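The residues making up each chain are set out below.
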Amino acid sequence: MSNVKWFKGLKLNIHAPGTGAALMLLALTQIPVAIKTAAEIACIAEVSNDLWLETRSHDNVNIRAVSRCNGA
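The rules we used
- Residues numbered from 1 in each chain as written.
- Predicted model: local features only at pLDDT ≥ 70, side-chain atom pairs only at ≥ 80, totals over all residues.
- Heavy atoms only, no water.
- pLDDT = per-residue confidence, 0-100.
- Helix = DSSP H or I, 4+ residues; strand = E, 2+ residues; numbered from the N terminus.
- Axes fitted to C-alpha atoms, helices over the stretch in contact; angles between N-to-C directions.
- Parallel < 35°, antiparallel > 145°, perpendicular 65-115°, else oblique.
- Left-handed = near helix turned anticlockwise from the far one by under 90°.
- Contact = heavy atoms within 4.5 Å.
- Nonpolar A, V, L, I, M, F, W, Y, C, P; charged D, E, K, R; others polar.
- Buried < 20%, exposed > 50% of the residue type's maximum accessible area, 1.4 Å probe, protein only.
- Patch = residues over 30% accessible without salt bridge, like charges linked within 9 Å, V, L, I, M, F, W, Y side chains within 5 Å.
- Areas by Shrake-Rupley, 256 points an atom, 1.4 Å probe, with all protein chains shown as cover.
- Salt bridge = Lys/Arg side-chain N within 4 Å of Asp/Glu carboxyl O.

S.K.: Pulling in residues and values, what's your account of the confidence of the model for the protein chain?
M.R.: Parts of the model with low pLDDT should not have their predicted coordinates read in detail. Per-residue confidence for the protein chain gives a mean pLDDT of 87; residues scoring 70 or more make up 89%. When mean pLDDT is taken per element in the protein chain, helix 2 (residues 17–55) scores highest with 94 and helix 1 (residues 2–9) scores lowest with 65.

Now the structure itself:
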C-alpha cells in the first residue's frame, strides 16, 4: 500500500520548464558520440569489403577491419 501512496504523490509534468533544457543537453552531449560511432561503422564496412575483395574469404575479415579502423 505504501508504494501506491508514493506513486500518487509523484506528479510528473512533461511540460515543465526544465524538461526542454534537459532534453537539449542530452541531445547535445550525444551528438559527438553518434558521429564518431557512425564514422567507425562506415570505416569498418569499407575496410571489411576491401579485405574481402583481396582475400575472397570471410575468415577474420571483420576482426582485421575493426583492428585497422581502431588504429592498429
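S.K.: Can you explain the packing of helix 2 against helix 3 (residues 61–69)? Please cite residues and give values.
M.R.: When two helices pack together, their arrangement is captured by the angle between the axes and the distance separating the axes. Their axes nearest at 8 Å, the elements helix 2 and helix 3 cross at an angle of 130°. With respect to helix 3, the axis of helix 2 lies oblique. As helix 2 runs across helix 3, the sense of the crossing is right-handed. Contacts between helix 2 and helix 3 involve Cys43, Ile44, Val47, Ser48, Leu51, Trp52 and Thr55 from the first element and Val61, Asn62, Arg64, Ala65, Val66, Arg68 and Cys69 from the second. In terms of residue class, the contact of helix 2 with helix 3 is made up of nine nonpolar, three polar and two charged.

S.K.: Provide a residue-level description of the environment of Ile63, including the pertinent values.
M.R.: Tracing the backbone shows Ile63 in helix 3. Among the residues examined, Ile63 registers a relative accessible area of 55% and is labelled exposed.

S.K.: Can you tell me about a nonpolar patch on the surface, naming the residues and giving the values?
M.R.: On the surface, Leu28, Ile31 and Ile35 cluster together into a nonpolar patch covering about 310 Å² of accessible area. By the element assignment, Leu28 lies in helix 2.

S.K.: So, the pattern of salt bridges: which residues are in play, and what are the values?
M.R.: The full count for this structure, using the stated rule, is one salt bridge. With a closest N to O distance of 2.8 Å, Glu40 and Lys36 form a salt bridge. With Glu40 and Lys36 both in helix 2 and four residues apart, the pair spans about one turn of that helix. The partly exposed category is assigned to Glu40, whose relative accessible area is 30%. Classification of Lys36 by relative accessible area gives exposed; the value is 52%.

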